[in-house]
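Architecture at a glance
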Amino acid sequence: MKVAGKAMRPLRANAQRDAVQIIDQRLLPHRLHLETLYTQQQVLTAIRDMWVRGAPLIGATAAYGLALQMRQDASDGSLQASADFLRSARPTAVNLDWAITRMLRVLRPLSVAKRAAAAWDAADAIAEEDVAANAALGRHGLALLQAIAARKSGPVQVLTHCNAGWLATVDWGTATSPIYQAHAAGLAVHVWVDETRPRNQGASLTAWELGQAGVPHTLIADNAGGHLMQHGQVDIVIVGCDRVTARGDVCNKIGTYLKALAAHDNGVPFYVAMPTSTLDLRLMDGVVEIPIEDRSAREVTHLSGRTAAGEVVEVCITAEGTTAANPAFDVTPARLVSGLITERGIVPADEAALRRLMETAP
Ligand code: MRU
């Protein structure tokens, strides 16, 4: 996608194959800053501390982290240690584990001498496949938006949660891909952007992205979605996901479940954009089986923002000593999901459909 007219991705490997450049997302929307990572330790820090974030992006970034380590030491011991190290960065999004597992499958059978080059090729493939998958799922999602547009006047009203935009992927985004494609096709779309407390990925990232692309949008407090749905102001909810189980339970940013409940109660379709790299067929019951990341209480008790003087500062919003809990994700049961928008088409959130989808993998 473009920023100020210039093509940009949140992750780019350099031509010398010895570093990757990322956007430090902690600084957006106030500052667009690129950072260069040279080592697996720097990659781990960038993922764990959310310089890069979003399920597909952390998978692709971790793949390059492993490739960087293979340049230093491509022995069997180093390969396994690097895989374990990078996997430990964040627990919930399965794309991290998926990417590392795929890298190991490619690299283990190779001689040590061949691993560094092969690792970079494999990381490039993961990154480019993510771009292609998101573009493809966007085309399927576009058909949903076109169908809504055909039966109403005025813009199609989409509600989204967190940032499942191009910043969360290598390009296009997942939930935003149908929106960007609709906008490019001249379809009138308007997006309700949940602010997404506590880290505010909606306010800081999704709103910024949509603004850069010229897509009409309105930021709302997380608690406003149900009210808008009751008043017929939301035609469809589209969210991203961090892990989807074999039976179609969807794990995504905390607060997604409440949006699904409100959508269900109001007859609003609730769709999940899911590249198949986010499907975890090893798990069934998402509520019980998906590990939910517990993040720092400070993300709840403190807020950061820009002062009138242009300085970015952090402030505390609680009385001293207030205890806070910060579960970072929740699980929406499959029964509340209208469909999963994948790169291979839109499928129901149920086990038979998902297993069939993967059996027909190219
Ligand atoms: O904690 P984050 O910002 O990494 O969480 C991201 C989300 O929950 C996204 O909505 C999800 O990863 C989908 S990204 C295409």
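Source: prediction; values computed, not measured. (Residues numbered from 1 in each chain as written. Predicted model: local features only at pLDDT ≥ 70, side-chain atom pairs only at ≥ 80, totals over all residues. Heavy atoms only, no water.)

1. Remarks on the side chain of arginine 115
- Relative to the helices and strands, arginine 115 resides in helix 5 (residues 112-150).
- A relative accessible area of 2% means that arginine 115 is categorised as buried.
- Here the side chain of arginine 115 touches aspartate 76 through a polar contact of 2.8 Å, side chain to side chain.
- With residues near it in sequence (within four places) discarded, arginine 115 still touches Met70, Ala74, Ser75, Asp76, Leu79, Leu107, Arg108 and Leu110. (Helix = DSSP H or I, 4+ residues; strand = E, 2+ residues; numbered from the N terminus. Buried < 20%, exposed > 50% of the residue type's maximum accessible area, 1.4 Å probe, protein only. Polar contact = N/O pair within 3.5 Å; in protein donor to acceptor, adjacent residues only side chain to side chain. Contact = heavy atoms within 4.5 Å.)

2. Here we look at empty space enclosed by the protein
- According to the stated counting rule, one finds two cavities of 30 Å³ or more in the structure shown.
- Here the largest cavity defines a volume of roughly 220 Å³.
- The wall of the largest cavity is formed by 26 residues, among which Arg53, Gly54, Ala55, Asn163 and Asp242 lie closest to the centre.
- Among the secondary structure elements, those contributing two or more residues to the lining of the largest cavity are helix 2 (55-72) and strand 11 (250-253).
- In terms of residues, the lining of the largest cavity owes the most to one element, helix 2, which gives three residues.
- Looking at the lining of the largest cavity residue by residue, the classes come out as twelve nonpolar, nine polar and five charged.
- Here the second largest cavity is characterised by a volume of approximately 50 Å³. (1 Å grid on protein atoms, 1.4 Å probe; cavity = no way out; pocket = protein on both sides within 12 Å on 5 of 7 lines; lining within 4 Å. Points joined across faces, edges and corners; volume = space filled by probe spheres on them. Nonpolar A, V, L, I, M, F, W, Y, C, P; charged D, E, K, R; others polar.)

3. Structural notes on the site of the ligand
- Near the ligand you find 19 residues, and of these Arg53, Arg90, Gln201, Asp242 and Lys253 are the closest.
- A distance of 2.7 Å separates an oxygen atom of the ligand from a polar atom in the side chain of aspartate 242.
- At a separation of 2.7 Å, an oxygen atom of the ligand approaches a polar side-chain atom of lysine 253.
- With the chains in place, 99% of the 420 Å² that the ligand exposes on its own is no longer accessible.
- In this structure, the ligand is accommodated by the largest cavity. (Near = heavy atom within 4 Å. Areas by Shrake-Rupley, 256 points an atom, 1.4 Å probe, with all protein chains shown as cover. Sits in = over half its atoms within 2 Å of the grid points.)

4. Some points on helix 6 (residues 176-184)
- A large share of helix 6 lies buried, amounting to seven of its nine residues.
- When helix 6 is considered as a whole, its buried residues turn out to be Thr176, Ser177, Pro178, Ile179, Tyr180, Gln181 and Ala182.
- Taken together, the buried residues of helix 6 touch helix 5, strand 6 (156-160), strand 7 (189-194) and helix 7 (201-213).
- Looking one or two residues past helix 6, glycine 186 carries a phi angle of roughly 85 degrees, positive in sign.

5. Notes on the packing of helix 5 against helix 6
- Viewed as axis vectors pointing N to C, helix 5 and helix 6 meet at an angle of 70 degrees, and their least axial separation amounts to 7 Å. By the angle between their directions, the pair helix 5 and helix 6 is classed as roughly perpendicular. The interaxial crossing formed by helix 5 with helix 6 has right-handed handedness. Taken together, the residues of helix 6 that come into contact with helix 5 (itself represented by Asn134, Ala135, Leu137, Gly138, Arg139, Gly141, Leu142 and Leu145) are Ser177, Pro178, Ile179, Gln181 and Ala182.
- Looking at the contact of helix 5 with helix 6 residue by residue, the class counts come to seven nonpolar, five polar and one charged. (Axes fitted to C-alpha atoms, helices over the stretch in contact; angles between N-to-C directions. Parallel < 35°, antiparallel > 145°, perpendicular 65-115°, else oblique. Left-handed = near helix turned anticlockwise from the far one by under 90°.)

6. As for the domain arrangement of the protein chain
- Domain boundaries in the protein chain define domain 1 (2-129) and domain 2 (139-359).
- On the side of domain 2, 34 residues touch domain 1, which itself brings 32 residues to the contact.
- Taken together, both faces of the contact between domain 1 and domain 2 bury some 2,700 Å²; the carbon and sulfur share is 58%.
- On the surface where domain 1 and domain 2 come into contact, there are three salt bridges.
- The salt bridge partner of glutamate 293 is arginine 90, with a shortest N-O separation of 2.8 Å.
- Mapped by element, the contributors of at least two residues to the side of domain 1 that touches domain 2 are strand 1 (2-3), helix 2 and helix 4 (94-107).
- The residue inventory of the side of domain 1 that touches domain 2, partitioned by class, reads 19 nonpolar, five polar and eight charged. (Domains from an automatic or database assignment. Buried area = accessible area lost by both parts, 1.4 Å probe. Salt bridge = Lys/Arg side-chain N within 4 Å of Asp/Glu carboxyl O.)

7. Here's the deal with the environment of leucine 66
- Here leucine 66 shows up in helix 2.
- Distance in space between the C-alpha atoms of leucine 66 and leucine 145 is 39 Å, their sequence separation being 79 residues.

8. Looking at the environment of lysine 152
- Mapped onto the elements, lysine 152 comes out in the loop between helix 5 and strand 6.
- Lysine 152 gets classed as partly exposed once you look at its relative accessible area, which sits at 29%.
- Along the backbone, lysine 152 and phenylalanine 270 are 118 residues apart, and their C-alpha atoms lie at a distance of 18 Å.
- Apart from the residues lying within four places of it in its own chain, the contact partners of lysine 152 are Gln157 and Asp235.
- A polar side-chain atom of lysine 152 sits 2.7 Å from a polar atom in the side chain of aspartate 235.

9. Here's the deal with unusual backbone geometry
- A cis amide bond, omega 5 degrees, links leucine 28 with the succeeding residue proline 29.
- As for its position among the elements, proline 29 is in the loop between strand 4 (20-23) and strand 5 (34-37).
- A cis amide bond links arginine 197 with the next residue in sequence, proline 198, at an omega value of 10 degrees.
- For proline 198, the position within the fold is in the loop between strand 7 and helix 7.
- Phi is positive for methionine 50, close to 65 degrees, though the residue is something other than glycine.
- Its location among the elements puts methionine 50 in the loop between helix 1 (40-48) and helix 2.
- By relative accessible area, which is 2% here, methionine 50 ends up buried.
- Of note in this structure, cysteine 162 is not a glycine but carries a positive phi near 65 degrees.

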